[in-house]
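Listed here are the chains, written in short residue letters.
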Amino acid sequence: MSVALITGGSRGIGRVVALNLAKEGYNITFCYTSNETAAQETAAEIEKTGVKALAVKADVSNESDVNALVQAARDAFGPIEVLVNNAGITRDGLLLRMSEKDISDVLDTNLKGAFFCTKAVLKDMMKSRYGKIINITSIVGVTGNAGQSNYAASKAGLIGFTKSVAKEYGSKGICVNAVAPGFIETEMTEKLPEEVKNTYLERISLKRFGTPEDVANVVSFLAGHKSDYVTGQVIEVTGGMQ
Ligand code: NAP
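These lines cover the structure that appears in this document, whether it is placed above or below. Remember, predicted model here, so these are calculated numbers, not experimental data.

Going through the model one piece at a time under the given rule, you end up with one cavity of 30 Å³ or more. Considered as a void within the structure, the largest cavity measures approximately 50 Å³ in volume. Together, Thr7, Val60, Asn85, Asn86, Ala87, Thr109, Asn110, Gly113, Ala114 and Leu158 line the largest cavity. No other element matches the four residues that helix α4 (residues 100-128) contributes to the lining of the largest cavity.

This is how it looks when you write it as structure tokens:
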């Protein structure tokens, strides 16, 4: 049975990515840091699809947590074939008011986390000469966004990371791609003021916000064999956001 690892799989986009891959027959390991109840509930939902689930409390910004996470996944289910670097946070604010912690927390989780997780799974993938790595970036990493310089920089960095690792490991049969969502309805966007949400909606051609399913469907494509000749790409899932 195929094995997938999803970071930040307990809630939001990562949860639906995990459930979709479970329905496609992958045994799932996912990590989270704080919300134990959400993690246990997601693990139970995954197991209802007939595959196995392992929820591990691990902070992606901590390399020893990541190494322990990957080892736990491997011990439970065998070599990892699919990695989805999804864990991400925001600490929005204008640059002049942004603290060093706001900058480093966002860069460490969103960018350094992907370095640690990718490094930790590459050996398995190189040995089997097959692997799919999918990085969840953001449209903001392409366009920039006032009030999100830390977040946008982390997501732009993730795009550079995706393209570089795709070049480094393409000859080993490993595909590395990024998905750049626009405005997706999750707890991350729930906290935004109504007027900010309405401004986003005006810029979306399809005139609706995205759902975690919209993103998870593209991740499933990139995780499976139908995308075997696709690497180093960034697929925007924004409903045509201008
Ligand atoms: P969310 O609802 O806030 O969920 C974030 C997930 O990541 C949770 O499972 C959370 O679990 C986990 N997490 C956070 N920090 C972590 C860490 N240091 N180590 C391990 N896990 C961690 O977020 P979302 O909206 O689903 O976003 C998922 C990804 O999509 C993020 O990378 C985000 O930047 C990106 N994205 C989202 C949108 C959007 O509109 N929502 C748009 C573009 C891109 P715990 O809380 O338990 O740690």
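A few words on the nonpolar core. Judged by nonpolar contacts, the single largest core of 31 residues is most densely connected at Ile6, Leu21, Ile28, Ile46, Val84, Ile134 and Val179. Secondary structure elements with two or more residues in this core: β1 (3-7), α1 (12-23), β2 (27-32), α2 (36-48), β4 (82-85), β5 (131-136) and α9 (212-223). Broken down by element, this core gets its largest block of residues, seven residues, from α1. Membership of the second largest hydrophobic core comes to 30 residues, among which are Leu5, Ala73, Ala87 and Ile133.

Next up on the list: the site of the ligand. Around the ligand there are 32 residues in total, and Ser10, Thr33, Asn86, Tyr151 and Thr186 lie nearest to it. Take Ile13: an N or O atom from its main chain is 2.8 Å from an oxygen atom of the ligand. One nitrogen or oxygen atom from the side chain of Tyr151 is found 2.6 Å from an oxygen atom belonging to the ligand. The fraction of the free accessible surface of the ligand (890 Å²) that becomes covered by protein chains is 95%. Residue contributions to the shell around the ligand peak at three residues, all from helix α7 (residues 187-190). Taken together, the residues that form the shell around the ligand break down as 13 nonpolar, 15 polar and four charged.

Attention now goes to the side chain of Ser154. Mapped onto the fold, Ser154 is located in helix α6 (residues 149-169). Judged by relative accessible area, Ser154 falls into the buried class, the value being 0%.

Counted under the stated rule, the structure contains three aromatic pairs. Measuring from ring centre to ring centre gives 4.4 Å for Phe115 and Phe161, while their planes differ by 40°; the resulting arrangement is tilted. You can see Phe115 sitting in helix α4 and its partner Phe161 sitting in helix α6, a full 46 residues away along the chain. Looking at Phe161, the relative accessible area reads 9%, which means it is buried.

With that settled, consider the environment of Val51. Of note, Val51 is situated in the loop between α2 and β3 (53-57). When its relative accessible area of 8% is taken as the criterion, Val51 is described as buried. In sequence terms Val51 and Met1 are 50 residues apart; their C-alpha atoms lie 9.0 Å from each other. If near-sequence neighbours (up to four positions away) are discounted, Val51 is found in contact with Met1, Ala22, Gly25, Tyr26, Asn27 and Ile46.

About the thresholds
- Residues numbered from 1 in each chain as written.
- Predicted model: local features only at pLDDT ≥ 70, side-chain atom pairs only at ≥ 80, totals over all residues.
- Heavy atoms only, no water.
- 1 Å grid on protein atoms, 1.4 Å probe; cavity = no way out; pocket = protein on both sides within 12 Å on 5 of 7 lines; lining within 4 Å.
- Points joined across faces, edges and corners; volume = space filled by probe spheres on them.
- Helix = DSSP H or I, 4+ residues; strand = E, 2+ residues; numbered from the N terminus.
- Core = buried A, V, L, I, M, F, W, Y, C linked by side-chain atoms within 4.5 Å.
- Buried < 20%, exposed > 50% of the residue type's maximum accessible area, 1.4 Å probe, protein only.
- Near = heavy atom within 4 Å.
- Polar contact = N/O pair within 3.5 Å; in protein donor to acceptor, adjacent residues only side chain to side chain.
- Areas by Shrake-Rupley, 256 points an atom, 1.4 Å probe, with all protein chains shown as cover.
- Nonpolar A, V, L, I, M, F, W, Y, C, P; charged D, E, K, R; others polar.
- Phe/Tyr/Trp six-rings, centres within 6.5 Å; stacked < 30°, edge-to-face > 60°.
- Contact = heavy atoms within 4.5 Å.

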